[in-house]
Amino acid sequence: MNFAKIQRDLIQSLSAIYWPRLKIFALLIIFGVSLPQNIQAQDEEHFEVLLFLKVQDIGGLDVAAVIKGEDAYLSVTEVFSFLKIFHKATADYETVSGFFISQDKQYVIEKSLNQIRYNDKTYQLKPDEIIHTESGLYLKVDVFSSVFGLTCDFHFRTLSVDLKSKVELPVIRKLKQEEMRANLKRLKGEEAVDTIIGRDYPVFQMGMADWSVVNRKEHGGYSETRGSLALGSVLLGGEAIVRLNYNTKEQLAADQQQYLWHWVDNNDKALRQMKVGKIPVSSTASIFDPIIGIQLSNSPTTYRRSFGTYNISNVTDPGWIVELYVNNVLVEYTKADASGFYQFEVPIVYGNSKIMLRFYGPWGEERTEIETINIPFNFLPKNEFEYVISSGIVTDSVNSRFMRPSFNYGLGSRISIGGGYEALSSVKDAPIMPFFKTSVRLIGNLLFSGEYNHGIRAKGILNYRLPSNVYIEASYSKYDKEQKAIIFNYLEERKLAVSAPIRFNKFAAFTRFTANQIILPNSQNTNLELLFSGALFRVNTNLTTYALFNSSTEKPYVYSNLSLGFRLPGRISLMPHIQYDYTNKQVISMKCQLEKPISTLGLLRVSYEKNFRAKHPIFQIGFKYDFSFAKTGYSGMSSNNKFYSTFSANGSLLYDKKSDYIGFNNRVSVGKGGVVVQPFVDLNYNGEFDEGEPKELGLTVRFNGGRVIKNKKDSTIRVMELTPYTSYRLELDRNGFDNIAWKIDHESMSVSIGPNQFKRVEVPIYVVGEVAGIIKLNDNGKLRGLGRVYVNILDEENNVVAKTITEYDGYYSYLGLMPGKYHISVDESQLSKLKMQAETKSIPVVISGSVDGDFIDGNDIVIKRKN
């Protein structure tokens, strides 16, 4: 029985389960009475071990060391390699030289003289401060501190060394540089991965469907049901979406139905996007009906580098979740306060930015309409050109013809210019309307945007952000008196907005003042608004005051809305609301609302409202519950001896033909994509999932987005709710495998997502074999293990496929060989430097293929010194 092998196997098993240091600690404590003979024979006073070196702010690893009594000696080459300190050693490890951090600080460590020459100083070492073996040169831990300033604290009980440095080590500098470069790559979307998986372009494929049903009725009176169905598919490689809307009180109207085919290829610089159907347009003229036509553009759909922010704030229903999308990428989300107020800092990116807001209500409501916001600043990199050409028929009563080519060019790093024209046949006086626009970054955070539409309007916007995050925006528009393109009869429009954060100890709020003045031919209107939103004494507070001035009235109309949000015991939320009229000095209305979550998926709401200008109060009660397949809600309202009820439900269906999968979701799925990860044991090593190959549950995935769902029945891992036309980083972790002989080729992937479809990613798991043995030194007839010897593993064509190094006792192992024939040999170049030779040139091994892998031990090689 090989007692040394039993010791080694037991220690390795313990170290794999508990702690890396347990292997050596167990060797010293448990088997200390019977140390291996090769170590005892080497030196009666010291023996070689592995110590765990921990470096502040970096981490740690095992390094070769020597224990002598209660003192520790560290391998100079291994410590300096880990710290990225330049060094070179002679073949016999008698001398190590190099420079420490900077090239002018040269050092030479010589065993023959027992001295260190460093930075023009000579340090004479005592004989017990430096140890030399065939595999390395070792210095006492105290010497690292006294000579190089590397403080080392040795802990014998845990066999570890804590290393600290007063100067910035090269390894720390390198890690900082790598982190900075990694952050830069993340901003540019250039993170390094093992492999890239591109998009699929099927001719036709059904994928997603969204549905919603809302029923409103008055008990004993009317009843109305509205339904919508959105179908998302892939047609001719592009995204095809059809949205159908139906109301029981109205006929099925064509103008209420939506359909659009969208082709995207961000790699084609000439034509990146094509839209056919009811296209979205940004027109100067007043167009209220859908446009059926085609839109061409070379603008990419990807999120590009931002260089500033633009403030967006508005009001929705209280407690609603608002999501912000920039070019179809979810950037941020927030929850509206007690009055429904929300605000975002939208990043200004290069090129045309498609800014969208999605709204999700607490009762399962999910607004299918998307609010598109046009940021007035359109910057492009220098010498970059973009265009958007839209053309079609307006579905109005006269079928007006519409066309709008728009062009933008980056004139410099701080200025972009653009222009084009808009044609609308229904505008008889000006069927062709040319325009010119520019965006200029004047100084610092001062931005200017100007637009001139010939015969219609001239508009300018100044935007400035102070270092204190105070935000100021002023705009002015001048309208031509004779213009007919815009239906409003404005002559001038003036706007001013000032917003600022307020921060004190444990207090944060947001304030905004806006002024909007409209000049009409015979009058002028001025609207002022002062908003305060924040947490005051842990109470969610919103106070908004409005002042409306009209030149035809003597005094303004001024009123305020005050909304509060309290957190009560039992997770109950109390939200009182009051509206006060300063002009008439009276309370307009009062409302109080209570909310109570039911588990994590339900919500109960009760409210009472009294409007003092109306005769009848309003009492409401509602309940919502989120199932995995749908969001549902019910509310009842009583007023004027009448009872009204509303029931709503919405969800989505997902279909993947390749994996024969039908799933349900309670969120919007049309227009989004997904990934199906299928890990399997690749028995025939062809990289494809074949019939009969077992699936594996132990793979763990990390995805930088979406929602990960693991199916234990078929071992598939699905990631849903992904933004299309973007690439996501997929990281695979095989630590959950039951068999250590299983490996995967790629641990990180970049996966491109297509709309309305699941991207299938097959992950082949290869079963690999392991070889092990001991490299022994024949020292005058006595055999002992020799550490730090390089062992090569070669294939049948003598190509080196793997390389490993022996531990301090000569033991080596390598796990990762595919089935086949190999032979093992000691590295000839190292043996030549050490003036040694192998008694056995190579050992043949055969790795057989099986689900459990193959392990071949006993591949021992004896080396000896040359005469």
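Residues numbered from 1 in each chain as written. Predicted model: local features only at pLDDT ≥ 70, side-chain atom pairs only at ≥ 80, totals over all residues. Heavy atoms only, no water.

A. Structural detail: the overall build of the chain. Each helix and strand counted, the chain has seven helices and 62 strands in total. Put simply, the chain has 867 residues, and 45% of those count as buried. In the chain, 50% of the contacts between residues at least 6 apart in sequence involve partners at least 24 apart. (Helix = DSSP H or I, 4+ residues; strand = E, 2+ residues; numbered from the N terminus. Buried < 20%, exposed > 50% of the residue type's maximum accessible area, 1.4 Å probe, protein only. Contact = heavy atoms within 4.5 Å.)

B. Broad picture of the environment of V708. Counting through the fold element by element, V708 comes out in strand β47 (residues 707-710). On the accessibility criterion, V708 (42% relative accessible area) is partly exposed. C-alpha of V708 to C-alpha of V675: the two residues are 33 residues apart in sequence and 9.3 Å apart in space.

C. Structural view of empty space enclosed by the protein. The final tally for this structure, using the stated rule, is three cavities of 30 Å³ or more. Its boundaries defined by the atoms lining it, the largest cavity holds a volume of some 40 Å³. Lining the largest cavity, in full, are M208, L654, N665, S669, K672, G673, G674, M720, E721 and F758. Contributions of two or more residues to the lining of the largest cavity are made by β45 (673-681) and β48 (717-722). Of the residues that constitute the lining of the largest cavity, the class distribution is four nonpolar, four polar and two charged. (1 Å grid on protein atoms, 1.4 Å probe; cavity = no way out; pocket = protein on both sides within 12 Å on 5 of 7 lines; lining within 4 Å. Points joined across faces, edges and corners; volume = space filled by probe spheres on them. Nonpolar A, V, L, I, M, F, W, Y, C, P; charged D, E, K, R; others polar.)

D. Looking closely at the pattern of salt bridges. Within this structure, the stated rule accounts for 23 salt bridges. R494 is the partner of E492 in a salt bridge, and the nearest nitrogen-oxygen pair spans 2.8 Å. We classify E492 as buried; its relative accessible area is 13%. (Salt bridge = Lys/Arg side-chain N within 4 Å of Asp/Glu carboxyl O.)

E. Representation of the sheet that holds strand β7 (residues 115-118) in the model. Taken together, the five strands give an open sheet; going across it, the order is β4-β5-β6-β7-β8, and neighbouring strands pair in antiparallel fashion. At either end of the open sheet lies a strand with only one pairing partner, and these are β4 (87-89) and β8 (121-124). Looking at each pair of strands side by side, their axes are set apart by 15 degrees on average, direction ignored. Where strand β6 (residues 106-110) meets β7, four bridges bridge the pair, whose relative direction is antiparallel. In the strand pairing of β7, E110 is matched with Q115. Against the sheet, helix α5 (residues 141-148) contacts β6, β7 and β8, and its axis sits at roughly 30 degrees relative to β7. (Pairing = 2+ DSSP bridges. Axes fitted to C-alpha atoms, helices over the stretch in contact; angles between N-to-C directions.)

F. Here's a closer look at unusual backbone geometry. One non-glycine residue, Y93, adopts positive backbone phi at about 60 degrees. With respect to the element layout, Y93 can be found in the loop between β4 and β5 (95-99). Phi is positive for D660, close to 50 degrees, though the residue is something other than glycine. Here D660 lies in the loop between β43 (642-656) and β44 (661-665). Taking relative accessible area as the criterion, D660 reaches 65% and is therefore assigned exposed.

G. Main features of the packing of aromatic side chains. On inspection of all chains with the given rule, the structure shows 25 aromatic pairs. Taking the centre distance of 5.9 Å and the plane angle of 85 degrees together, the rings of Y661 and F758 count as edge-to-face. Of this pair, Y661 sits in strand β44 while F758 sits in strand β52 (residues 758-767), and the two are 97 residues apart along the sequence. For Y661, a relative accessible area of 18% gives the class buried. Through successive ring pairs, a cluster of aromatic residues spans F80, F100, Y107, Y118, F144 and F148. One cation-aromatic arrangement involves K803 over Y790; the distance from NZ or CZ to the ring centre is 5.9 Å. (Phe/Tyr/Trp six-rings, centres within 6.5 Å; stacked < 30°, edge-to-face > 60°. Lys NZ or Arg CZ within 6 Å of the ring centre and 35° of its normal.)

H. View of the sheet that holds strand β46 (residues 700-703). Across the sheet, four strands lie side by side as β13-β51-β49-β46; this open sheet has mixed pairing. Looking at the sheet topology across the chains shown, the edges are occupied by β13 (195-197) and β46. Ignoring strand direction, the axes of neighbouring strands in this sheet form an average angle of 25 degrees. Direction of pairing for strand β49 (residues 727-733) relative to strand β51 (residues 748-752): antiparallel, over a ladder of five bridges. Paired with L730 across the bridge in β51 is M749.

I. Just α5, in detail. Those residues of α5 lying buried are V141, V143, F144, V147 and F148. In a view along the axis of α5, the buried residues occupy a sector of 160 degrees, so they form one face of it. Phi turns positive one or two residues past the end of α5, at G149, with a value near 75 degrees. (Arc of directions from axis to C-beta.)

J. Structural context of the confidence of the model for the chain. In the predicted model, the chain carries a mean pLDDT of 84, and the fraction of residues at 70 or more is 88%. Taken together, the stretch residues 1-44 has pLDDT below 50 and engages in 57 contacts with residues farther than four places along the chain or on a different chain. (pLDDT = per-residue confidence, 0-100.)

K. Summary view of the nonpolar core. In terms of nonpolar packing, the biggest core is built from 40 residues, with L51, L74, L83 and F148 touching the most fellow members. Among the nonpolar cores identified, the runner-up in size contains 24 residues, and V677, V681, V719 and W742 belong to it. (Core = buried A, V, L, I, M, F, W, Y, C linked by side-chain atoms within 4.5 Å.)

L. Examining the pairing of β44 more closely. Only one face of β44 is covered, namely the one carrying Y661, G663 and N665; the face carrying I662 and F664 has none of its residues buried. Where β43 and β44 come together, five bridges link them in antiparallel fashion. Within the sheet, the bridge partner assigned to D656 lies in β44 and is Y661. A loop of four residues connects β43 with β44, the two strands running antiparallel in sequence, and D660 in this loop sits at a positive phi of about 50 degrees.

M. Spotlight on the pairing of β52. Of all the 10 residues making up β52, eight are buried; the element is thus mostly covered by neighbouring parts of the structure. Direction of pairing for strand β50 (residues 742-743) relative to β52: antiparallel, over a ladder of two bridges. Looking across to β52, one finds that K743 is bridged to Y766.

N. Molecular detail of the environment of M836. Its location among the elements puts M836 in strand β59 (residues 836-838). Residues contacting M836, with those up to four places away along its chain left out, are L777, L786, L831, I863, K864, R865 and K866.

O. Just the environment of K658, in detail. Examined against the element boundaries, K658 turns out to sit in the loop between β43 and β44. Distance from K658 to V676, taken between C-alpha atoms, is 9.9 Å for residues 18 residues apart in sequence.

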